[in-house]
Amino acid sequence: MKKSLAEYHTLIDLFEEFRELIKPKVINGVPDFTAVAMERQHSGLRLLQNRLGTIEISNWDISKQVDYHVVRAEMNGVEFDHSVLKQWSRDPGFYNLSDGIYPRLLVHHSRSLSDWGLYEPSVPLSTKDQKDFKVKLKAIPELFNQAKFNLIDAVPDLAEIAIRVKEKDIQLLESFMKDFSVHHSELLPIVEEAIAATKDFRDWLIEKKDTMIGKVGIGKDNYNWWMKNVHLIPYRWDEFYTMIHSEYNRAISFLKIEENKNKGKPEFQITANEDENISRQHDAVLKLMKFLNDEEIINFPDKLEPLPKNQYPRVWGSSAYKRADHIGFFEQTNDREPMTNIAHVFFGHYYVGNRKIWYQKDDDRHIRGKIRLYDIHEARSEALAFGIEEWLMQAGLFDDRPRSREITYVWQAFRNARALSDLKMHSNEFSLENGINFFSDNVPNAWAGKNDDAVWWDIEETLRAPGHSTNYIVGKNMIHQLMAERSKQLGSDFSIRKFFDEFMNGGIIPISLSRWELTGYKDQMQSL
Ligand SMILES: [Zn+2]
């Protein structure tokens, strides 16, 4: 075996060991995030990082070197967890059962467990689900006991979010009481104990919040470290700010231009009921898939089913039909024109099992084929999904519905306003309250109220995964750069379809790595 190939196998072995290391030890269903367990994980990580550093990659081909940097970035993600984020001791929301919108159990542990917990149960439960539910529900009181010991550096603003989510957790558990009453009465006492423990933990947070210290943001230097070493993005906080501020202004300006162009045209027809809503989304999915084919945008497998109904954005937990009294941002936009969000979901969140997106489904490469951790997966797929909204619009997707262009710009303003809050909260110029207010106040038409779950959930996510919101915009712009460079390199051989196909085939990795692999340009990697 050639030496470089042998070394590549060393990388794969190391990657597999690493993925094992970060799974917390689960004792009777309770993941162990105690200080001792975390210290053990941190020392284990250092040993693996040292071994990674000894692998000589200079004579590998680029695609193998890219895999090396993917592993390095993920290890840096864990390092950042231990040195800065310390969710287990800093963020009470780490112990959420739901995440404010989605009904999931023990959701945030899944960050390292790669187990997204249980969704809303469909009763009667299968034997497997019955077992899972029992274990996870039983773990809840013990989990909160552990949380009270672990949360030695809890941040008051993060506690504030967790207290809010606790109400959702309680609602979720109470819905289980109803669901289980007929078929699974043996689970009822366990659910009752879980409800009591959740209320107790909520009350504990309320009582302790005023004694907590610590800032909501991680600070600019840490933000820059995370972006450079985990997301492999060659820009810094100040450049992010300039870029996103200018994108926000562009979104609002283009919205105003569209509104001017559309004055006098018929108003939006807002969907009147759930059936109409579903049927409009279904029409949008079919139209999108036909458009992608007819306009030669991207290849997709013949056997790919249209986006299934349970993945329509409008039937997420944030549905006015589930909470009849609530019209939030998703409802305001999707009930006027669902296509922007349908296109986003089709490219960014059309899962075909185990969190794999359709274009990644048959990717069984040892490293690339895995779901990326530490928000690397989301950073890349959200950038693509966000970019596609306007690219398809400019490609003619809304030529028959001119007014719908406005919705795409409203979404852009929403994403950019949220990203500015992300930046300012992490630089500690904004408190949580400032972040919520700024975000809400800068969404057009007052469509994202300060109490809207979509606002709170997004803010929470970006505090937990710094840069989650900024990566949509910065990543989209990095794809623009790549498209410009590939079109120059390929000249008349360039086509949009070829571009998207090669971009997707590289797998879900940081965009700077895709660029290196596709163009051969090393300049960004030299600083990363
Ligand atoms: Zn998305």
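Everything here concerns the structure above.
Note that the structure is predicted; figures quoted are calculated from it, not measured.

Asks: Break down helix H11 (residues 274-294) for me, with residues and values.
Replies: Its 21 residues give H11 an end-to-end C-alpha distance of 30 Å, which sits within 8% of 30 Å, the value for a rise of 1.5 Å per residue. The set of residues buried in H11 consists of Asn277, Arg280, Gln281, Ala284, Val285, Leu288 and Leu292. Summarising the axial view, the buried residues of H11 lie within an arc of 145°, below the 170-degree limit, and thus occupy one face. In H11, those exposed residues whose orientation departs by more than 90 degrees from the buried face are Asp275, Ser279, Leu286, Lys290 and Asp294.

Asks: Quick rundown of the environment of Glu337? Include the residues and the values.
Replies: Tracing the backbone shows Glu337 in the loop between helix H12 (329-334) and helix H13 (339-348). Classification of Glu337 as buried rests on a count of 23 C-beta atoms within 10 Å. Once the C-alpha coordinates of Glu337 and Glu406 are considered, the two residues, 69 residues apart in sequence, prove to be 9.4 Å apart. Excluding residues within four positions of it along the chain, Glu337 makes contact with Ser404 and Ile407.

Asks: Run through the packing of helix H3 (residues 62-85) against helix H20 (residues 511-519), naming residues and quoting values.
Replies: The relative placement of two packed helices comes down to the angle between their axes together with the axis-to-axis distance. Where H3 contacts H20, the two axes come as close as 10 Å, and the packing angle between them is 170°. With respect to each other, H3 and H20 are oriented roughly antiparallel. Contact residues: Ile62, Ser63, Val66, His69 and Val70 in H3; Leu513, Trp516 and Glu517 in H20. For the contact of H3 with H20, the per-class residue count stands at five nonpolar, two polar and one charged.

Asks: How would you summarise unusual backbone geometry if you had to cite specific residues and measurements?
Replies: If you check the backbone angles, Leu232 has positive phi at about 50° while not being a glycine. Note that Leu232 resides in the loop between helix H9 (220-229) and helix H10 (237-262). Its identity is not glycine, yet Asp375 carries a phi of approximately 70°, on the positive side. By the element assignment, Asp375 lies in the loop between H13 and helix H14 (376-397). On the basis of neighbour counts, which here come to 22 C-beta atoms within 10 Å, the residue Asp375 falls in the buried class.

Asks: Account for the environment of Lys64, with residues named and values stated.
Replies: Mapped onto the elements, Lys64 comes out in helix H3. The class of Lys64 is partly exposed, set by 16 C-beta atoms lying within 10 Å. C-alpha separation for the pair Lys64 and Thr127, spaced 63 residues apart in sequence, amounts to 43 Å.

Asks: Please set out the nonpolar core residue by residue, giving values where relevant.
Replies: One broad trend across soluble globular proteins is that nonpolar side chains are buried collectively. Formed by 124 residues in total, the largest nonpolar core has its most connected members in Ile342 and Ala413. A total of eleven residues in this core trace back to one element, the largest contributor, which is helix H15 (residues 405-426). Looking at which domains feed residues into this core, each of domain 1 (90-211) and domain 2 (235-477) gives three or more. The contacts of Ile342, once residues within four sequence positions are left out, are Gln281, Ala284, Val285, Leu288, Leu307 and Pro313.

Asks: Tell me about the packing of helix H18 (residues 470-490) against H20, and please be specific about residues and values.
Replies: At a minimum axis separation of 10 Å, H18 and H20 run at an interaxial angle of 5°. Considering their axes alone, H18 and H20 lie roughly parallel with respect to each other. On the side of H18, the interface is formed by Gly475, Met478, Ile479, Leu482, Glu485, Arg486 and Gln489, while H20 contributes Ile511, Ser512, Ser514, Arg515, Leu518 and Thr519. Across the contact of H18 with H20, the residue classes tally to five nonpolar, five polar and three charged.

What counts and what doesn't
- Residues numbered from 1 in each chain as written.
- Predicted model: local features only at pLDDT ≥ 70, side-chain atom pairs only at ≥ 80, totals over all residues.
- Helix = DSSP H or I, 4+ residues; strand = E, 2+ residues; numbered from the N terminus.
- Expected span 1.5 Å × (residues − 1).
- Buried ≥ 20, exposed ≤ 12 C-beta atoms within 10 Å, placed from the backbone.
- Arc of directions from axis to C-beta.
- Contact = placed C-beta atoms within 7 Å.
- Axes fitted to C-alpha atoms, helices over the stretch in contact; angles between N-to-C directions.
- Parallel < 35°, antiparallel > 145°, perpendicular 65-115°, else oblique.
- Nonpolar A, V, L, I, M, F, W, Y, C, P; charged D, E, K, R; others polar.
- Core = buried A, V, L, I, M, F, W, Y, C linked by C-beta atoms within 7 Å.
- Domains from an automatic or database assignment.

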